[in-house]
Amino acid sequence: MEDSLVAISMGGEFVQEFRTALEAAVRQWRFEPAEIHRILRKTNDSGRGSYWLLMSKRPIEDEFDVACTFTATGAVLAEVPK
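Residues numbered from 1 in each chain as written. Predicted model: local features only at pLDDT ≥ 70, side-chain atom pairs only at ≥ 80, totals over all residues. Heavy atoms only, no water.

Considerations on the pattern of salt bridges
Now for step 1: Under the defined criterion, the tally for this structure stands at 2 salt bridges.
Now for step 2: Close ionic contact of Arg19 with Glu23 constitutes a salt bridge, the shortest N to O distance being 2.9 Å. With Arg19 and Glu23 both in helix α1 (residues 15-28), this residue pair falls 4 residues apart, about one helical turn.
Now for step 3: Arg19 gets classed as partly exposed once you look at its relative accessible area, which sits at 24%.
Now for step 4: The network of salt bridges with shared partners includes Arg19, Glu23 and Arg27. (Salt bridge = Lys/Arg side-chain N within 4 Å of Asp/Glu carboxyl O. Helix = DSSP H or I, 4+ residues; strand = E, 2+ residues; numbered from the N terminus. Buried < 20%, exposed > 50% of the residue type's maximum accessible area, 1.4 Å probe, protein only.)

Written as structure tokens, this is what we have:
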């Protein structure tokens, strides 16, 4: 795991405990990579209704920071910064 630029501002008496809890929370997440789908709208043979046909898909690369709030009960609330 690479350190985020946000890590530069982390400090204090419990920084190692916080990092350990954060890493444990992140290990529980499941990631589905983003993809760009090229789709084509098709009309049914009957002429009534339509559907989407997947023509191709390709993965895209991106990265972002995630803010986490740890609660006294041990729950982790994650939100993507705006």
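A word on the pairing of strand β1 (residues 35-43)
Now for step 1: Judged from the 9 bridges that link them, β1 and strand β2 (residues 50-59) form a sheet pairing that is antiparallel. The residue of β2 that forms the bridge with Thr43 is Ser50.
Now for step 2: Taken together, β1 and the strand that follows it, β2, pair antiparallel across an intervening segment of 6 residues, in which Gly47 is found at a positive phi of about 85 degrees. (Pairing = 2+ DSSP bridges.)

Things to note about a nonpolar patch on the surface
Now for step 1: A cluster of nonpolar side chains, namely Leu40, Tyr51, Leu53 and Met55, defines an oily patch on the protein surface of about 330 Å² accessible area.
Now for step 2: Considering each element in turn, the nonpolar patch owes the most residues, 3 residues, to β2.
Now for step 3: Here Leu40 shows up in strand β1.
Now for step 4: Classification of Leu40 by relative accessible area gives partly exposed; the value is 39%. (Patch = residues over 30% accessible without salt bridge, like charges linked within 9 Å, V, L, I, M, F, W, Y side chains within 5 Å. Areas by Shrake-Rupley, 256 points an atom, 1.4 Å probe, with all protein chains shown as cover.)

Any link to function would need more than the numbers given here.
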